[in-house]
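Structural overview
Residue-level listing of the chains:
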Amino acid sequence: MSRIVVLELLQALKFKSPLPDTNLLLLVQFVCADIGTRLAESTIIQKHMISTLPGCTTAAMECMRQYISELLDFIADMHTLTKLKNHMKACCQPLHEDTFGGNLKVGLAQVAAMEITKGNHRDNKAVVRYLPWLYHPPSTMQQGPKEFIECVSHIRQLSWLLLGSLTHCALHQGSISCMPIPLDAGSHIADHLIVILIGFPEQSKTSVLHMCSLFHAFMFAQLWTIYCEQAAAAPSLQNQNQTEFSSSAILTGLEFWSRVTPSILQLMAHNKVMVEMVCLHVISLMEALQECNSTIFVKLIPMWLPMIQSNLKHLSAGLQLRLQAIQNRVNHQCLQGQTSGAPPFVLRKWLQCTQFKMAQVEIQSSEAASQFYPM
C-alpha cells in the first residue's frame, strides 16, 4: 500500500493524476508521518485530518527515498506552481489555489530535509549527493549571466529546504532536529548570494525572474539567519558541547552577514533607485528578524541602522516610518531586557507568511507578470 501511495504522489507531481488539493497533501502527510514529521495545519488540511493517518511505521520513506532528487527538482523548478495551478483548474475545482502550491512545496521540502538530515551523519554525504553545487560557488572569473541565474535557482531551492526544516522545528519543539544544510556551508552559500547582489544591476533588466532575484536573495538571508538560531537552540547532533555548538551556530550567522554586507553596500552605491530598493529589502529583513526576536538581529542592528540612516533622504515617507518603528521597538526591548527567541506560534505565523510570499513571487515570475514585491 505504501508503494502505491508514493507512486500516486509522484504521478500527481508530474501532473498525470487528477487529485484534489486535500488528497495530494494527505499523500505527502502519509510520507511525512513515516519519516518523523508532519505538515502544518492549514485551511486545506486540518489537524483532525492529519491525525487520522497512520502514526506507525509504514515504510513509505523506503519507497520514496529513490525519488528524493525528483522532489528537489520539483521544489527548484520556477514553473511548477503555475503548472500545478493550471492543472488543478483543469481537473477539479481548486478552493485554495493561492496557498496550495506553497503548502505542497513546503511539505515536500520537509520530506527532503528530514531524509538529508538523517543521511548526513558526520561527513555530510547526503547533502553533497543531492546538492553537489553547495560547496562550489562560481569563482570571481565565472560570474556571467549563466552563473547568475544558476545561483538564483540554487538560492530558491535552499530557501524551500530551509522552510521545510524550520516548519518541522516549529511543529516539533525539543524533538528530533532537522538540519539538512550543514552550518559549515554558510560561507559558500554567502558566495552564491554575493554573485546575485553583484550581478543584479546588470542582470535585473533581462526578465521578471532576474528582476525578482533580489527578493529571493534577501528572503534566503532571513531564513538562513533564523535557521542558524534554531540550530543554536536545538540539541547538538554530534558529540559536541552544547554551549560550544550554540555559540558556533550564532557565529555562523554573524559570519554570513559579515561576508554579504559589503556587497549590499556596493549595490547601494549604484544609484538612488537601487538605494531605495535595497533599503526596502533591508527594512523588511529587519522587521522579520525583529518579529522572530532574533539574537543575531540584536547584534547586527548597530551596523544596519547607520547604513539605512545615511540614505534617509532617498527613502519614501512610508519607509521612514517603518524604520522609526523598528528603532522604537529596539529601544523598548533594551529597556525591558527582553529575552531572545521566538515562541513556536510566532515562528509558525512568520513561516506561513514567508511561504506565501515565495510562492506568489514564483507564480508571478513564471507567468512573466508585472513586478511583484510583497513586503
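Okay, so let's go over this structure. As the structure is a computational prediction, the values presented were derived from the model and not from experiment.

**Quick notes on the environment of His 87**
Position of His 87 among the secondary structure elements: in helix 6 (residues 80-91). Residues His 87 and Phe 15, spaced 72 residues apart in sequence, show a C-alpha to C-alpha distance of 6.7 Å. Filtering out sequence-adjacent residues up to four positions away, His 87 remains in contact with Phe 15, Ser 17 and Pro 18.

**Describing helix 12 (residues 213-233)**
If you check helix 12, its first and last C-alpha atoms are 30 Å apart, about what 21 residues at 1.5 Å a residue would give, namely 30 Å. Burial within helix 12 is extensive, with 20 of its 21 residues counted as buried.

**So, the side chain of Ser 294**
Residue position: Ser 294 is located in the loop between helix 14 (272-291) and helix 15 (295-309). You can call Ser 294 buried: its relative accessible area is 2%. There is a polar contact of 2.6 Å between the side chain of Ser 294 and the side chain of Glu 229. In this structure the side chain of Ser 294 is engaged in a polar contact, spanning 3.0 Å, whose partner is the backbone nitrogen of Phe 297. Those residues in contact with Ser 294 that sit more than four places away from it in its chain are Thr 225, Ile 226, Glu 229 and Leu 289.

**A look at the packing of helix 14 against helix 15**
Helix-helix packing is characterised by the crossing angle of the two axes and by the distance between the axes. Between helix 14 and helix 15, the shortest axis-to-axis distance is 11 Å and the interhelical angle comes to 155 degrees. By the criterion of interaxial angle, the relationship of helix 14 to helix 15 is roughly antiparallel. Relative to helix 15, helix 14 is oriented so that their crossing is left-handed. Together, Cys 279, Val 282, Ile 283, Leu 285, Met 286, Leu 289 and Gln 290 of helix 14 and Phe 297, Ile 301, Trp 304, Met 307 and Ile 308 of helix 15 make up the contact between the two elements.

The rules behind the values
Residues numbered from 1 in each chain as written. Predicted model: local features only at pLDDT ≥ 70, side-chain atom pairs only at ≥ 80, totals over all residues. Heavy atoms only, no water. Helix = DSSP H or I, 4+ residues; strand = E, 2+ residues; numbered from the N terminus. Contact = heavy atoms within 4.5 Å. Expected span 1.5 Å × (residues − 1). Buried < 20%, exposed > 50% of the residue type's maximum accessible area, 1.4 Å probe, protein only. Polar contact = N/O pair within 3.5 Å; in protein donor to acceptor, adjacent residues only side chain to side chain. Axes fitted to C-alpha atoms, helices over the stretch in contact; angles between N-to-C directions. Parallel < 35°, antiparallel > 145°, perpendicular 65-115°, else oblique. Left-handed = near helix turned anticlockwise from the far one by under 90°.

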